[in-house]
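# Geometric and topological summary
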Amino acid sequence: MIESIKFWGVVPAAGVGKRMQAGKPKQYLELAGKTVIEQTLTRLLRAGVFEVIAVAISQEDPYWPALDISRHEKILTATGGRERSDSVLSALKSIRDKAADNDWVLVHDAARPCITSADIQLLITSLRNDDVGGILALSSHDTLKSVQQGRIAGTLDRSHIWRALTPQMFRYGLLKDALEAAEGNPAVTDEASALELKGLQPKIVEGRPDNIKITRPEDLSLAQFYLEQQ
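What counts as what
Residues numbered from 1 in each chain as written. Predicted model: local features only at pLDDT ≥ 70, side-chain atom pairs only at ≥ 80, totals over all residues. Heavy atoms only, no water. Phe/Tyr/Trp six-rings, centres within 6.5 Å; stacked < 30°, edge-to-face > 60°. Helix = DSSP H or I, 4+ residues; strand = E, 2+ residues; numbered from the N terminus. Buried < 20%, exposed > 50% of the residue type's maximum accessible area, 1.4 Å probe, protein only. Polar contact = N/O pair within 3.5 Å; in protein donor to acceptor, adjacent residues only side chain to side chain. Axes fitted to C-alpha atoms, helices over the stretch in contact; angles between N-to-C directions. Parallel < 35°, antiparallel > 145°, perpendicular 65-115°, else oblique. Left-handed = near helix turned anticlockwise from the far one by under 90°. Contact = heavy atoms within 4.5 Å. Salt bridge = Lys/Arg side-chain N within 4 Å of Asp/Glu carboxyl O. Core = buried A, V, L, I, M, F, W, Y, C linked by side-chain atoms within 4.5 Å. Pairing = 2+ DSSP bridges.

### Brief notes about the packing of aromatic side chains
- Taken as a whole and assessed by the stated rule, the structure comprises two aromatic pairs.
- Ring centres of Tyr28 and Tyr63 lie 5.1 Å apart, and the angle between their planes is 35°; on these two criteria the pair is classed as tilted. Of the two residues, Tyr28 is situated in the loop between strand 1 (7-12) and strand 2 (30-31) and Tyr63 in the loop between strand 4 (53-57) and strand 5 (75-79); the sequence distance between them amounts to 35 residues.
- Judged by its relative accessible area of 30%, Tyr63 is partly exposed.
- Summarising the aromatic geometry, the rings of Phe225 and Tyr226 are spaced 5.8 Å apart at their centres and angled 50° between planes, so their arrangement reads as tilted.
- Residue classification places Phe225 among the partly exposed positions, given a relative accessible area of 43%.
- Given a relative accessible area of 21%, Tyr226 falls into the partly exposed group.

And the structure:
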């Protein structure tokens, strides 16, 4: 009997997005007629690969329950944590009765609404036989400077620098163990960094440059442009 590997989605969405300087968390700002998180989840669902997408939401969040997508049959609400890694771990625990250790988990930012099905399929195709897993990323085309106290301390070799994107794709059991081992460690800023702390080397899969993360107010209009172009 051939083992059936399943794919699960995780979306940490408990952040407040202070840099947006808006009256609500950035995932609930309007983007092309929907909220940012609705656009993001619609894109993930459209890929047609996920058993369930676990969305980690703050317990004090008044916006999420009002969205129709929160009641979608493939959407599961989990309790968000203080840090991104806490939210991801909570989401993983919410599906522990359903997911097998060898299943794949794709973790995606709530504020990356321009993800395409093609990039999701590329990530899966590139990693499904990999021992570790990996992430979508972009090589750096800019000259990069190391800065100390507002002054340039040196120039970095950009050929070794990649910008981490999402989704980030790892085995359920491996990712859960790595996040549990790294709880409270400020060095864990994404899922790959938790795997790195275990001495593993996640693979890089080159993604699309329009898979932007909405961080500042001007990013909304850029995201709308990309959605229209796609």
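Now that the structure is up, let's keep going.
### Describing the side chain of Thr166
- Considering the arrangement of structural elements, one finds Thr166 in strand 10 (residues 162-171).
- Within the structure, the side chain of Thr166 is placed 2.7 Å from the side chain of His108, a separation counted as a polar contact.

### Describing the packing of helix 2 (residues 84-94) against helix 4 (residues 172-181)
- Two elements in contact, helix 2 and helix 4, have axes separated by 10 Å at closest approach and are oriented at 135°. The orientation of helix 2 with respect to helix 4, classified from their angle, is oblique. Read as a crossing pair, helix 2 and helix 4 show a hand that is left-handed. Every residue of helix 4 that contacts helix 2 at Ser85, Val88, Leu89, Leu92 and Lys93 is listed here: Tyr172, Leu175, Lys176, Leu179 and Glu180.

### Some details on the pattern of salt bridges
- Counted under the stated rule, the structure contains six salt bridges.
- With a closest N to O distance of 3.1 Å, Lys176 and Glu180 form a salt bridge. In this pair, Lys176 and Glu180 are both assigned in helix 4, four residues apart and thus about one turn of the helix distant.
- When its relative accessible area of 17% is taken as the criterion, Lys176 is described as buried.
- Under the relative-accessibility criterion, Glu180 is labelled partly exposed at 30%.

### Points about the environment of Leu127
- Mapped onto the secondary structure, Leu127 falls in helix 3 (residues 117-127).
- With relative accessibility at 0%, the residue Leu127 sits in the buried group.
- Along the chain, Leu127 and Trp104 lie 23 residues apart, while their C-alpha atoms are 9.6 Å from each other.
- Ignoring any residue separated from it by four or fewer positions in sequence, one finds Leu127 in contact with Trp104, Gly133, Gly134, Ile135, Met169, Lys203 and Val205.

### Regarding the nonpolar core
- Counting residues in hydrophobic clusters, the biggest one holds 30 residues, and the most contacted among them are Ile37, Leu41, Val55 and Trp64.
- Listing elements by their share of this core, those giving two or more residues are strand 1, helix 1 (36-46), strand 4, strand 6 (104-107), helix 3, strand 7 (133-139) and strand 10.
- With four residues, helix 3 is the single largest residue contributor to this core.
- If we ignore the near neighbours within four places in the chain, the residues touching Ile37 are Ala13, Gln27, Tyr28, Val55, Trp64, Leu67 and Ala110.
- In this structure, Trp8, Ala78, Val107 and Ala137 belong to the second largest nonpolar core, which totals 26 residues.

### Things to note about the pairing of strand 4
- Of all five residues making up strand 4, five are buried, and the element is well covered by its neighbours.
- Burial of strand 4 is two-sided: the residues Ile53, Val55 and Ile57 facing one way and the residues Ala54 and Ala56 facing the other way are all buried.
- Taken together, the four bridges between strand 1 and strand 4 define a ladder with parallel strand orientation. When the bridges of strand 4 are listed, Val10 appears paired with Ala54.
- Pairing of strand 4 with strand 5 involves five bridges; the strand directions are parallel. In the sheet register, Ile53 faces strand 5, and the bridge partner there is Ile75.

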